[in-house]
Amino acid sequence: TGLGLAIVKHIVLSLGGTIDLESEPDKGTAITVVFKKGDKKLKQTIYPMKLEPRKMDYVWGSETWLMSCHEKGQNVVSEGEYKGRTLSDVLSRVPALTGRNSKKFPFFPILLKMINAEDKLSVQVHPSDEYALKNENQFGKTEMWYVLDSKKDAGVYCGFREKLTKKQFTESLTDGSIESKLN
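Throughout what follows, the structure given in this document is the object of discussion.

Each value, and the rule that gives it
Residues numbered from 1 in each chain as written. Predicted model: local features only at pLDDT ≥ 70, side-chain atom pairs only at ≥ 80, totals over all residues. Heavy atoms only, no water. Phe/Tyr/Trp six-rings, centres within 6.5 Å; stacked < 30°, edge-to-face > 60°. Buried < 20%, exposed > 50% of the residue type's maximum accessible area, 1.4 Å probe, protein only. Helix = DSSP H or I, 4+ residues; strand = E, 2+ residues; numbered from the N terminus. Contact = heavy atoms within 4.5 Å. Salt bridge = Lys/Arg side-chain N within 4 Å of Asp/Glu carboxyl O. Patch = residues over 30% accessible without salt bridge, like charges linked within 9 Å, V, L, I, M, F, W, Y side chains within 5 Å. Areas by Shrake-Rupley, 256 points an atom, 1.4 Å probe, with all protein chains shown as cover. Pairing = 2+ DSSP bridges. Axes fitted to C-alpha atoms, helices over the stretch in contact; angles between N-to-C directions.

**Quick notes on the packing of aromatic side chains**
Move 1: Counting across every chain of the model gives 2 aromatic pairs.
Move 2: With 5.0 Å between their ring centres and 10 degrees between their planes, Y58 and W60 make a pair best called stacked.
Move 3: In this structure Y58 comes out as partly exposed when scored by relative accessible area, which is 36%.
Move 4: Plain terms: the ring middles of F160 and F169 are 5.8 Å apart, the flat faces sit at 85 degrees to each other, and that makes the pair edge-to-face.

**Some details on the environment of K43**
Move 1: The residue K43 is located in strand β3 (residues 40-46) in this model.
Move 2: C-alpha of K43 to C-alpha of G140: the two residues are 97 residues apart in sequence and 40 Å apart in space.
Move 3: Residues in contact with K43, not counting those within four places in the same chain, are T32, V33 and V34.

**Thoughts on the pattern of salt bridges**
Move 1: All chains considered together, the criterion is met by 6 salt bridges.
Move 2: Put simply, R85, D89 and R93 are held in one network by salt bridges that share partners.

**Side note on the environment of H126**
Move 1: Mapped onto the elements, H126 comes out in the loop between β8 (112-117) and α3 (129-136).
Move 2: Linking H126 and E52, residues 74 residues apart in sequence, is a C-alpha distance of 27 Å.
Move 3: Those residues in contact with H126, other than ones at most four positions away along the chain, are K141 and E143.

**Looking at a nonpolar patch on the surface**
Move 1: On the surface, L66, I110, L112, M114, M144, Y146 and L148 cluster together into a nonpolar patch covering about 780 Å² of accessible area.
Move 2: Note on placement: M144 falls in the loop between α3 and α4 (166-175).
Move 3: The exposed category is assigned to M144, whose relative accessible area is 67%.

**Looking at the sheet that holds strand β6 (residues 61-67)**
Move 1: Pairing is antiparallel in the open sheet, where 3 strands are placed in the order β5-β6-β8. Strands at the two margins of the open sheet, each flanked by one partner only, are β5 (54-58) and β8. Across this sheet, the average inter-strand angle for adjacent strands is 20 degrees, counted without regard to direction.
Move 2: Pairing between β6 and β8: 6 bridges, direction antiparallel. Along β8, the bridge assignment pairs M67 with L112.

Geometric descriptors of this kind do not, in isolation, establish any biological role.
The structure is reproduced here in structure tokens:
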């Protein structure tokens, strides 16, 4: 959208630096930022990293994974210096791209996806990080949803209306009444 670039330009100029863009076919756009520190010029050239989206089809619709290091759908860089490499390969080569807070994770913990739900989604049970790391070699899910569009009667369930025993839960799955138990 160019919004990120406009913000970067504002920050660089407000700090007394300069910013320059240069585009090359099959390489992408190079962004060069220059700051002065005393008599020295600090110059850094960076390239936006475009990723090939990964589409998965399901009975309820589809997901398009826009940024993923997940083993079931890693994104691949589509142009520039890292063209053809997976996102996890690039991040392992250039760990500074993920910022200092991500150092506490053994792998990049973010999955950004768009969901195109044509029918009701399956009920999701999200395990704790401890369980998920032990049994699935990944972190449990912490999610944030941003709904771009929906049908008039669409909704989202979160948890159960009341506490259920394991037996009640299993029975409601078996007899098809589970939806009436959701909150």
